[in-house]
Amino acid sequence: TLVLGLWLGCGVFMGWVASHNLTSIPETVAHPRREFQAEVQQLGQERVRGLLRFQAGELNRYYFRWWEILQIGIGLGLAVILLFATTGNRLVMTLATGMLAIVVIQFLTITPQIIELGRGLDFVPPGEITKERTAFRGYHGFYASLEIIKLLAGLGLAARLLYSSPHHRRKRTKPNAVDPIQQD
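Described in the following lines is the structure provided in the data block. (Residues numbered from 1 in each chain as written. Predicted model: local features only at pLDDT ≥ 70, side-chain atom pairs only at ≥ 80, totals over all residues. Heavy atoms only, no water.)

1. Observations regarding the overall build of the chain
Then, in step 1: In terms of regular secondary structure, the chain is built from six helices and zero strands.
Then, in step 2: Helices (α) and strands (β) of the chain occur, in sequence order from the N terminus, as α-α-α-α-α-α.
Then, in step 3: In the chain, which comprises 184 residues, the share counted as buried stands at 32%.
Then, in step 4: For the chain, contacts bridging at least 24 residues in sequence account for 75% of all contacts bridging at least 6.
Then, in step 5: Here the chain displays about 12700 Å² of accessible surface, and carbon together with sulfur accounts for 63% of that area. (Helix = DSSP H or I, 4+ residues; strand = E, 2+ residues; numbered from the N terminus. Buried < 20%, exposed > 50% of the residue type's maximum accessible area, 1.4 Å probe, protein only. Contact = heavy atoms within 4.5 Å. Areas by Shrake-Rupley, 256 points an atom, 1.4 Å probe, with all protein chains shown as cover.)

Here it is, written out as structure tokens:
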């Protein structure tokens with residue numbers, strides 16, 4: 001459960017990082033630190049906002065690509081551990097391999113599209129609606145949906161592992177019978 005907890009926790013953290021990278025840009029541009037004010041004034045807020053969005057986008061693309069590669073390794077390792085630790089429990093293995101399958105699908109099909117479309121949108125004004133932005137939002141929404149499904153599967157797996165362990169099972173014991181013939 002430690003490996004699973006780390007996987008789930010890091011996944012939530014990555015979602016927060018990606019979101020924060022992009023949502024902090026307006027505040028950074030509107031209220032720049034003293035050391036950054038001259039650059040904002042020289043280039044203009046819109047140009048700086050575009051450059052920061054580009055940088056945040058590149059960082060997010062880099063982080064998510066490597067996070068997915070790491071998740072594939074974690075998922076494979078977890079599947080092997082669970083195969084031996086649970087003697088191949090069908091539900092446990094289905095949940096673990098389902099989570100791994102989600103990551104592989106994201107890595108091979110969705111993330112490459114998000115990266116390509118995102119790079120094309122880096123310098124398009126945020127309010128401008130284009131077919132690329134619509135496609136990007138669709139892929140991003142699908143990716144987020146898969147993340148939620150993966151998180152729920154992971155929580156279900158964690159619950160199954162925690163509450164089916166010998167430590168949480170109630171042992172049924174017969175009360176000691178008192179033998180009326182034997183008396184001390």
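Read on for the rest.
2. Digging into helix 4 (residues 45-85)
Then, in step 1: Over its 41 residues, helix 4 extends 56 Å from the first C-alpha to the last, a length consistent with the 60 Å expected when each residue adds 1.5 Å.
Then, in step 2: With its phi angle positive at about 50°, Thr87 sits one or two positions after the end of helix 4. (Expected span 1.5 Å × (residues − 1).)

3. Focus: the pattern of salt bridges
Close approach of charged atoms allows side chains of opposite charge to pair.
Then, in step 1: In total, this model carries seven salt bridges according to the counting rule given.
Then, in step 2: One salt bridge connects Arg33 with Glu35, and the closest N-O pair in it is separated by 3.3 Å. Per residue, the accessibility class of Arg33 equals that of Glu35, and both read exposed.
Then, in step 3: The salt bridge partner of Lys150 is Glu147, with a shortest N-O separation of 3.0 Å. (Salt bridge = Lys/Arg side-chain N within 4 Å of Asp/Glu carboxyl O.)

4. Quick look at the side chain of Gln71
Then, in step 1: Following the sequence through the fold, Gln71 ends up in helix 4.
Then, in step 2: Relative accessible area serves as the criterion here: at 0%, Gln71 is assigned to the buried category.
Then, in step 3: Only 2.8 Å separates the side chain of Gln71 from the side chain of Trp7, close enough to count as a polar contact. (Polar contact = N/O pair within 3.5 Å; in protein donor to acceptor, adjacent residues only side chain to side chain.)

Treat this as a map of the structure, not an account of what it does.
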